[in-house]
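Fold and geometry: a report
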Amino acid sequence: MEGEKNLKMKAARMERGLSQTDLANAVGATRQTIGLIEAGRYNPSLKLCVATCKTLNKTLDDLFWE
C-alpha cells in the first residue's frame, strides 16, 4: 500500500467525526503520522494499525487491505 492514499482510513475517521489530531491522540501517534498514513507516505506498524482499527471500529481488512 506504500505510495497509495488510504482513503478508506480517512473516510472512516471522518465518519466517526474525528480530526487527525483526535485519532492521533486516541492511538498514541502524532497528527503528522496519521496524515502520512492517509497520504500513503508512511507504513504503520501492526500495533498502530490495530489501535486505529479499534478506535474507528473497523477491521484490518476494512482499512488496510485492497
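Figured I'd write up the structure that's included with this text.

1. Section: the pattern of salt bridges
Tallying each qualifying case throughout the model produces 2 salt bridges. Residues Arg13 and Glu38 are paired through a salt bridge, measuring 2.6 Å at the closest nitrogen-oxygen approach. Placement of the pair is Arg13 in helix H1 (residues 7-15) and Glu38 in helix H3 (residues 31-39), with a sequence separation of 25 residues. Residue Arg13 is classed as buried on the basis of its relative accessible area, which comes to 7%.

2. Focus on helix H2 (residues 20-27)
Turning to H2, its buried residues number three or more, namely Gln20, Leu23, Ala24 and Val27. Axial view of H2: buried residues confined to an arc of 100°, hence all on one face. Where H2 is buried, its residues touch H1, H3 and helix H4 (46-56). Gly28 occupies a position one or two residues after H2 and carries a positive phi of about 75°.

About the thresholds
Residues numbered from 1 in each chain as written. Predicted model: local features only at pLDDT ≥ 70, side-chain atom pairs only at ≥ 80, totals over all residues. Heavy atoms only, no water. Salt bridge = Lys/Arg side-chain N within 4 Å of Asp/Glu carboxyl O. Helix = DSSP H or I, 4+ residues; strand = E, 2+ residues; numbered from the N terminus. Buried < 20%, exposed > 50% of the residue type's maximum accessible area, 1.4 Å probe, protein only. Arc of directions from axis to C-beta. Contact = heavy atoms within 4.5 Å.

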